[in-house]
Amino acid sequence: MADNRKDREANKTIDDLIVDIERRIKLFQEGIDENAQAYEIAELLEEVRELNKERYIELLKSFPEDLKADVLSELSKNAQEDALEAIDAKELADIIEEMDTDDAADIVQQIEELDESKAKKVLNEIDEAESKVIRALISYDEDEAGAYMQTELFKAHIDETIGESIKRLKELKNREELDNAYHVFIVDNNNRFLGMMPMEDLVLQGPNEVYRNVLEKEGALTVTVKPNDPIDKVIELAGNYNMNVIPVVDNWGILLGRITADDIYDLMEKQATDQIYGMAGVQEESEESENIIKAGKTRAFWLGVNLITAIAASVVIGLFDSTIQSIVALAVLMPIVASMGGNAGTQSLTVTVRQLALGDIDPTEAKQVIKKEVLLSLGNGLVYAIVMGLIAYFWFDMPMLGVVIGLSMIINLFFAGFFGALIPLVLKGLGIDPAVGSSVLLTTVTDVVGFFSFLGLATLILL
């Protein structure tokens, strides 16, 4: 009885969600804020999926193709995978043909990860020209700009009038070949990129004005990326030039496509997420997976590394066991030295990793970065060495114990600042993500140096 009641409550919830979905589908079909409706429908579908995966698939399959494409693009990766496994190759091909090329490439790549033979079938079902574009896009690595490129854009010839180009734009919109066109990309006879202008600037020009004259008078933004450029460069340019779309050109300057605002924002979010997860020694992919074992394995690896480093610190403490037995106060104060070094190092590490990610540091500035972090840590070390030295003196009534812990804190904070800046710089130079593993390495340094300096000085000075 209890199970039947639970089922009825779940069904009622799904029915309520379906009513809301149907209302938003109607708004979508009426052309009322289509992007927002697609996002909201995707959110509602995610709720349905949590209650009943079969109903989720049934609902998604029942949508019109254009809505299906928009909604599928908005779903989480796990929800997308369920749909891609359930929908056959022919239907997936119809959905993908409704998508922008960048979203289509993402979906095809995801299908390929799930079932390579199915991905080939999907590509064979797609229009040959579009299939060729998608194959080119999925050939780029996920950390390259080309992987996020969209080939649909509005371009104008340099000797074309604004009126002629606007007429073409209307035709593209009527044929639904272009979803958004907030910029015009100006090219020459060989399709070489000459500049980009916001559409709002064209309103100020007459319909008979030629783009060449506009470029000469007003100028245009010529910042570009190449398809093999790292995504870090895309993020850096978007931030430095306040760009919400970035043109992609080849080595000869020929316009290939654009990276749009939604992908730029996603890249920024992904970069920040990777840094946060990396500092904690976990991976975004495994953490967002519904497979607990997969997430557990990733965490277990870094916990294992941390265990090894903790043993190393314990070995250092073991070298001075007789010193600790002679002066019990050392055991009380030891964690303070290690903790202060760890926190100071984390400050330097976090700042350096973030600046590297934003492109604010280049190899020639490495020395200045290390020098700055060492001076900051050393300055704080001197201040808190005096404070902790006085505390230790009054706490245990041992003047030289205050000297020992003060010197130890200065030494440990010096090394914390030095290695907090050095470790990410070295990892970056080796082509390793500086966010991943840096904190474990730093903890090892601050613990070993902290315990060794504190107990070593205590052995020399107090015994």
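How each quantity is defined
- Residues numbered from 1 in each chain as written.
- Predicted model: local features only at pLDDT ≥ 70, side-chain atom pairs only at ≥ 80, totals over all residues.
- Heavy atoms only, no water.
- Helix = DSSP H or I, 4+ residues; strand = E, 2+ residues; numbered from the N terminus.
- Buried < 20%, exposed > 50% of the residue type's maximum accessible area, 1.4 Å probe, protein only.
- Contact = heavy atoms within 4.5 Å.
- Areas by Shrake-Rupley, 256 points an atom, 1.4 Å probe, with all protein chains shown as cover.
- pLDDT = per-residue confidence, 0-100.
- Salt bridge = Lys/Arg side-chain N within 4 Å of Asp/Glu carboxyl O.
- Pairing = 2+ DSSP bridges.
- Phe/Tyr/Trp six-rings, centres within 6.5 Å; stacked < 30°, edge-to-face > 60°.
- Patch = residues over 30% accessible without salt bridge, like charges linked within 9 Å, V, L, I, M, F, W, Y side chains within 5 Å.
- Axes fitted to C-alpha atoms, helices over the stretch in contact; angles between N-to-C directions.
- Core = buried A, V, L, I, M, F, W, Y, C linked by side-chain atoms within 4.5 Å.

Undergrad: Before we move on, could you go through the overall build of the protein chain and cite the residues and values that matter?
TA: Broken down by element type, the protein chain carries 21 helices and five strands. Looking at the protein chain residue by residue over its 463 residues, the buried ones come to 44%. Taking the intrachain contacts of the protein chain between residues at least 6 apart in sequence as the baseline, contacts between residues at least 24 apart amount to 68%. Carbon and sulfur atoms make up 54% of the accessible area of the protein chain, which totals about 24,500 Å².

Undergrad: Let's hear about the environment of Glu54: which residues, and what values?
TA: Assignment of secondary structure puts Glu54 in helix H3 (residues 53-62). A C-alpha to C-alpha distance of 9.7 Å links Glu54 and Asp82, two positions 28 residues apart in sequence.

Undergrad: Break down the confidence of the model for the protein chain for me, citing the residues and quoting the values.
TA: Within the protein chain, residue pLDDT values average 84, and 89% of them lie at 70 or more. When pLDDT is averaged over each helix and strand of the protein chain, the minimum, 53, is found for helix H15 (residues 284-288) and the maximum, 95, for strand E4 (residues 246-249).

Undergrad: Tell me about the pattern of salt bridges, residues and numbers included.
TA: Tallied over the entire structure, the rule returns 13 salt bridges. The salt bridge partner of Lys233 is Asp229, with a shortest N-O separation of 3.4 Å. Taken together, the shared-partner salt bridges in this structure form one network comprising Asp20, Arg23 and Arg24.

Undergrad: Please give an account of the side chain of Gln110 that cites residues and values.
TA: Structurally, the position occupied by Gln110 is in helix H7 (residues 101-114). For Gln110, a relative accessible area of 8% corresponds to the buried category.

Undergrad: If you had to explain the pairing of E4 to someone new, which residues and values would you point to?
TA: Side chains Ile246 and Val248 of E4 all project onto a buried face; the interleaved residues Pro247 and Val249 project onto the opposite face, where all are buried too. Bridge count between E4 and strand E5 (residues 255-259): four bridges; the pairing is antiparallel. Within the sheet, the bridge partner assigned to Val249 lies in E5 and is Leu255. Turn length for the E4-E5 hairpin, with the two strands adjacent in sequence and antiparallel, is five residues, and the turn residue Gly253 shows positive phi of about 85°.

Undergrad: Summarise the packing of aromatic side chains; cite the residues concerned and give the values.
TA: Under the counting rule described, the total for this entry stands at seven aromatic pairs. Relative to Phe452, the ring of Phe320 has its centre 5.7 Å away and its plane inclined at 70°; by these criteria the two rings are edge-to-face. Highlighted residues: Phe320 in the loop between helix H16 (292-318) and helix H17 (321-326) and Phe452 in helix H21 (residues 438-462), separated in sequence by 132 residues. Clustering of aromatic rings is evident, with ring pairs tying together Phe414, Phe415, Phe418 and Phe419.

Undergrad: Can you lay out the environment of Glu373 for me, pointing to particular residues and giving the numbers?
TA: Considering the arrangement of structural elements, one finds Glu373 in helix H19 (residues 366-396). C-alpha separation for the pair Glu373 and Phe414, spaced 41 residues apart in sequence, amounts to 8.9 Å. Not counting residues up to four positions away in its chain, the partners in contact with Glu373 are Ser348, Val351, Thr352, Gly417 and Ala421.

Undergrad: Talk me through a nonpolar patch on the surface; I want residue IDs and the actual numbers.
TA: A contiguous nonpolar patch, built from Val332, Val383, Tyr384, Val387, Ile391 and Trp395 and spanning about 540 Å² of accessible area, is present on the exposed surface. Counting residues per element, the nonpolar patch draws most heavily on H19, which supplies five residues. Along the polypeptide, Trp395 turns up in helix H19. Look at Trp395 and you get partly exposed, because its relative accessible area is 49%.

Undergrad: So what's going on with the sheet that holds strand E3 (residues 193-198)? Which residues, and what values?
TA: Across the sheet, which stays open at both edges, the three strands sit in the order E1-E2-E3 with mixed pairing between neighbours. Edge positions in the sheet fall to strand E1 (155-157) and E3, since each of these pairs with one other strand and no more. Between one strand axis and the next, the sheet turns by 30° as a mean value, whatever way the strands run. In the sheet, strand E2 (residues 183-187) pairs with E3 via five bridges, with the strands oriented antiparallel. Bridge pairing in E3 places Val187 opposite Phe193.

Undergrad: Lay out the nonpolar core with the relevant residues and their values.
TA: If you look at the biggest cluster of nonpolar residues, it comprises 70 residues, and the most contacted ones within it are Leu45, Leu60 and Val71. Apart from residues lying up to four places away in sequence, Leu45 is in contact with Ile21, Tyr56, Leu59, Leu60, Phe63, Val71 and Leu75. Of all hydrophobic cores here, the second largest spans 22 residues; its members include Ala313, Ala329, Leu401 and Phe451.

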